[in-house]
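Spelled out from the first residue to the last, the chains are:
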Amino acid sequence: MKKLFLPLLFIIPVLLQGQGMWLPLLLEKQNEKDMKSKGMKISADDLYNLNKPSIKDAICMFGGGCTGELISGDGLLLTNHHCGFGSIQRLSSLEHNYVEDGYWAKSRDEEIPAPGLTATFVSRIEDVTALALQNVSETMAEADRQSQIDKNLDLLRRTTKREKWEDVMIRPFYDGNQYFLFVTKTYRDLRFVGAPPSSIGKFGADTDNWVWPRHTGDFSMFRVYADKDGHPADYATDNEPYHPAHFLPISLNGVETGDFTMVYGFPGRTNEYLTGAAVKQVSEVVDPARVEVRDKALKIMDGFMRKDPAIKIAYIAKFAGTANGWKKWIGEIQGLKTYKALEKKAEYEAEFSRRVNENADYKYRYGNLLPRLQELIQEIEPYIKGREYFYEACVRNNDLLSKAAELSKLIDIFESSGETMLVGKIEDASKRMDGFYKDYYPEVDKAVFAGIMEIFANNTKGDWGADYVKEQAGNRSGYEGLADYIFSRSVIPDKVKMQELLSKAPTEVVEKLRKDPAIVFWNTLYNAYTNQIQPKIQELQPQIDLLQRKYMAAQMVVFKEKKFFPDANSTLRLTYGKVNGYSPRDALQYEFQTDLDGVMEKYIPGDYEFDVPQKLIDLWKAKDYGQYATPDGRLPVGFIATNHTTGGNSGSPALDAKGNLIGLNFDRVWEGTMSDLNYDPAICRNIMVDVRYVLFIIDKFGGAGYLLDEMKLVKSKKKRRKR
Ligand code: ARG
Ligand code: GLU
């Protein structure tokens, strides 16, 4: 019996290698020793401290979902090109295409205000679990528990000490077993300083996305401005550059296999502590549904984009967004399978159950958890599947029906609040129309509609919309006929007709919308969803969440020897690992680093993904790499390490053992995208752009070397060994 479980003793420590997104305030207690043993040369105190400047003061959430870091005492901020992309695009015009051509502000005057962009820094973090859970008992009904917690959090929010320019945010951790409070400050005057052209910042685009070896110079620069006292302020011409308590020195020493690295940033969402049943559901139901619908939508868009350059420009961003999730989920399905995630979960659960059964108290408290969770997960499965097909086919990839959903709300408002309310809402809808039609081609949307509605009808249940859609398609001799019918009669695909309609009297607008075939079609499917699917999910999901919370707590008790990091939830975390290549398949070994020669190997003149600017070719030919070259004369571009990252870590600084900046995180390797559910040190790698490439592009390529004057570059005298 003993022997059977022996492998687990090995698995647990191995799982911890590189795994984890740790809370900065607990580093000293949880990780410092381990980090030092792995090579860290600073202390936890240098990473997070309330009484003196620490590295956390240089790290911010950039916009809604990325990370940025300060690299000068004057608020110079570095993040990814794909994080700054939306802003750079909005600031561009026909005369000044900063996306295509790049941009370098030559002085502070040339920095371009980027309205809407924000940088949020963390002033302090507090464990508020005890206060959040005050008067909450194990036996309470879920609804009562939640309302007690809401009351507690509300009080906490109101009573927490903060400066006027600070905000307070409280988040659940460990599936709601603990609560942490964040006092933050959000700067809202950010200005665009510089970015390389897309042919560098987006090099490899969708083909190379999620893939190693990678050659993207994925960076852009902004500057954070503050009021005279250094506090957040609305944009004003007399705002001043923000002087942070700490900014990151930049190392020119380069990286080698085995080097200790850290990534400090704002990872969005992971699910590392699910049951095997839940992971199975993701890999066999959720991911495949999403992949199937997007596969179709992407193929159809691609067909149009290849034939018509104007369509290509219009759809490029939509295509990239759709493909990003699609590619990640395909990688996730494969990774979970290849690296035996379900087998590992089964083994883990067997050990959990063994320990629970050996201990009367555990048995009483946790004995039922796993079986009950499994039952519920099975029970909810058809509804989850229905929801995924509905959202992917009728909402996320369906422009016509998304717009129908929005317009249909106008009818609801008219019915519930009458005509006066409606006037303003119609104006709002009309304002949003330009954005919608700017990059919209009805023929593309129609073809996508036909393709994905067929998938929807074939994968959802009869009374969940399948019967209706099939019948409609039958009446119009197929899905293309159905699409023809709806697109030619609905007002939505036609900008002129739409504008005409919205300029009419509110009652007339509502009357016409009620009869619009796209809106009728949408409402039928939406009603099926809200009547048949949603209520069941609303009934079962809270039960699953409750048991998952208990299961999380139980794991932490039963596996006392194991260190648990909380799943990512868009809060500040630190992860650490080491620079290392990997073997994606039998007999294949990937090195840890790419260089400029590799960019030139991929170069396809004129191609939208793999073109290269002439100036870069010239620098490459001349081997004019300056101080950015490796000891053997190459120009490093990207590197990988075992840091545990996820979406939201884009733009996060990669730090060396001393806390110097060595790179900028921007992606993960495709074979390891399963790390959100099942981190495996054998295969999971984060991808970073080497900071030497960033500096080379700014200095040698961009001719903006003056930007380096405000940075702090460090280079040790010791010669590094050659590769
Ligand atoms: N895969 C990276 C992430 O998840 C990069 C996405 C942007 N790049 C792209 N080609 N879509 O955000
Ligand atoms: N590209 C992702 C982001 O924007 C990071 C890659 C990942 O998911 O690890 O956050």
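Residues numbered from 1 in each chain as written. Chains lettered and ligands numbered in written order. Predicted model: local features only at pLDDT ≥ 70, side-chain atom pairs only at ≥ 80, totals over all residues. Heavy atoms only, no water.

**Student:** I'd like a description of the overall build of the chain, backed by residues and values.
**Tutor:** A tally of helices and strands in the chain yields 25 helices and 22 strands. In terms of overall size, the chain behaves like a compact globule, its C-alpha atoms giving a radius of gyration of 27 Å where 723 residues would be expected to give roughly 27 Å. Each of the three principal axes of the chain carries a C-alpha extent, and together these read 75 × 75 × 60 Å. Looking at the chain as a whole, 56% of its 723 residues are labelled buried. In the chain, the share of contacts with a sequence separation of at least 24, taken over all contacts with a separation of at least 6, comes to 78%. About 31300 Å² of surface is accessible on the chain, with carbon and sulfur atoms providing 51% of the total. (Helix = DSSP H or I, 4+ residues; strand = E, 2+ residues; numbered from the N terminus. Rg over C-alpha atoms; globule rule 2.2 N^0.38 Å. Buried < 20%, exposed > 50% of the residue type's maximum accessible area, 1.4 Å probe, protein only. Contact = heavy atoms within 4.5 Å. Areas by Shrake-Rupley, 256 points an atom, 1.4 Å probe, with all protein chains shown as cover.)

**Student:** Quick one: what's the story with the site of ligand 2, residue by residue and with numbers?
**Tutor:** Lining the immediate environment of ligand 2, one finds His82, Trp210, Thr646, Gly647, Gly648, Asn649, Ser650, Phe666, Asp667 and Arg668. Measuring from an oxygen atom of ligand 2, one finds a backbone N or O atom of Gly648 at 2.6 Å. For ligand 2, an oxygen atom lies 2.6 Å from a polar atom in the side chain of Arg668. Looking at the shell around ligand 2 element by element, the count peaks at three residues for strand β20 (residues 661-668). (Near = heavy atom within 4 Å. Polar contact = N/O pair within 3.5 Å; in protein donor to acceptor, adjacent residues only side chain to side chain.)

**Student:** So what about the site of ligand 1? Which residues, and what values?
**Tutor:** Taken together, His82, Ala205, Asp206, Asn209, Trp210, Ala320, Asn324, Phe666 and Asp667 are the residues near ligand 1. Residue Asn209 places a side-chain N or O atom 2.7 Å away from a nitrogen atom belonging to ligand 1. Bound to the protein, ligand 1 loses 81% of the 340 Å² it would expose on its own. Contributions of two or more residues to the shell around ligand 1 are made by α10 (205-208), α12 (309-338) and β20. Its residues placed into classes, the shell around ligand 1 shows four nonpolar, three polar and two charged. (Nonpolar A, V, L, I, M, F, W, Y, C, P; charged D, E, K, R; others polar.)

**Student:** Can you lay out the packing of aromatic side chains for me, pointing to particular residues and giving the numbers?
**Tutor:** Under the definition given, this model contains 37 aromatic pairs. Consider the rings of Phe352 and Phe559, whose centres lie 6.4 Å apart with planes at 35°: the pair is tilted. Taken together, the positions of Phe352 in helix α13 (residues 341-358) and Phe559 in the loop between α22 (517-558) and β14 (573-578) put the pair 207 residues apart, joining distant regions of the chain. You can call Phe559 buried: its relative accessible area is 0%. Residues Phe436 and Tyr437 carry aromatic rings whose centres are separated by 5.0 Å and whose planes lie at 80° to one another, so their mutual orientation is edge-to-face. (Phe/Tyr/Trp six-rings, centres within 6.5 Å; stacked < 30°, edge-to-face > 60°.)

**Student:** How would you sum up the state of the cysteines? Please name residues and give values.
**Tutor:** Applying the stated criterion across every chain yields a total of one disulfide. Between the sulfur atoms of Cys66 and its disulfide partner Cys83 the distance amounts to 2.2 Å. With the S-S dihedral at roughly -75°, the linkage between Cys66 and Cys83 falls on the left-handed side. Placement of the pair is Cys66 in strand β2 (residues 66-70) and Cys83 in helix α5 (residues 81-91), with a sequence separation of 17 residues. (Disulfide = S-S within 2.5 Å.)

**Student:** Give a description of empty space enclosed by the protein that names residues and reports values.
**Tutor:** In total, this model carries two cavities of 30 Å³ or more according to the counting rule given. Of the voids in this model, the second largest cavity is the one considered here, and its volume is about 30 Å³. For the second largest cavity, the full set of lining residues is Asn643, His644, Thr645, Arg668, Gly672, Ser675, Tyr679, Cys684, Arg685 and Asn686. For the lining of the second largest cavity, the class distribution of residues is two nonpolar, six polar and two charged. (1 Å grid on protein atoms, 1.4 Å probe; cavity = no way out; pocket = protein on both sides within 12 Å on 5 of 7 lines; lining within 4 Å. Points joined across faces, edges and corners; volume = space filled by probe spheres on them.)

**Student:** Account for the pairing of strand β13 (residues 260-265), with residues named and values stated.
**Tutor:** β13 sits mainly inside the fold: six of its six residues count as buried. Here β13 shows two buried faces, one formed by Phe260, Met262 and Tyr264 and the other by Thr261, Val263 and Gly265. One ladder, built from six bridges, connects β13 with β14; its direction is antiparallel. Bridged to Met262 within β14 is Tyr576. Both β13 and strand β19 (residues 653-655) contribute to a ladder of two bridges, which runs antiparallel. If you follow Met262 over to β19, its bridge partner there is Leu655. (Pairing = 2+ DSSP bridges.)

**Student:** Talk me through the pattern of salt bridges; I want residue IDs and the actual numbers.
**Tutor:** As enumerated under the stated definition, the model contains 46 salt bridges in all. The residue Asp34 makes a salt bridge to Lys38 at a minimum N-O spacing of 2.9 Å. Residue Lys38 is classed as partly exposed on the basis of its relative accessible area of 37%. Arg188 is paired through a salt bridge with Asp234; the nearest N and O atoms lie 2.6 Å apart. In this pair, Arg188 sits in the loop between β8 (178-187) and β9 (189-195) while Asp234 sits in the loop between β10 (220-226) and β11 (240-241), placing the two residues 46 residues apart along the sequence. Under the relative-accessibility criterion, Arg188 is labelled partly exposed at 39%. Assessed through its relative accessible area of 52%, Asp234 is described here as exposed. Salt bridges linked by common partners bring Asp74, Arg108, Glu111, Arg223 and Glu710 together as one network. (Salt bridge = Lys/Arg side-chain N within 4 Å of Asp/Glu carboxyl O.)

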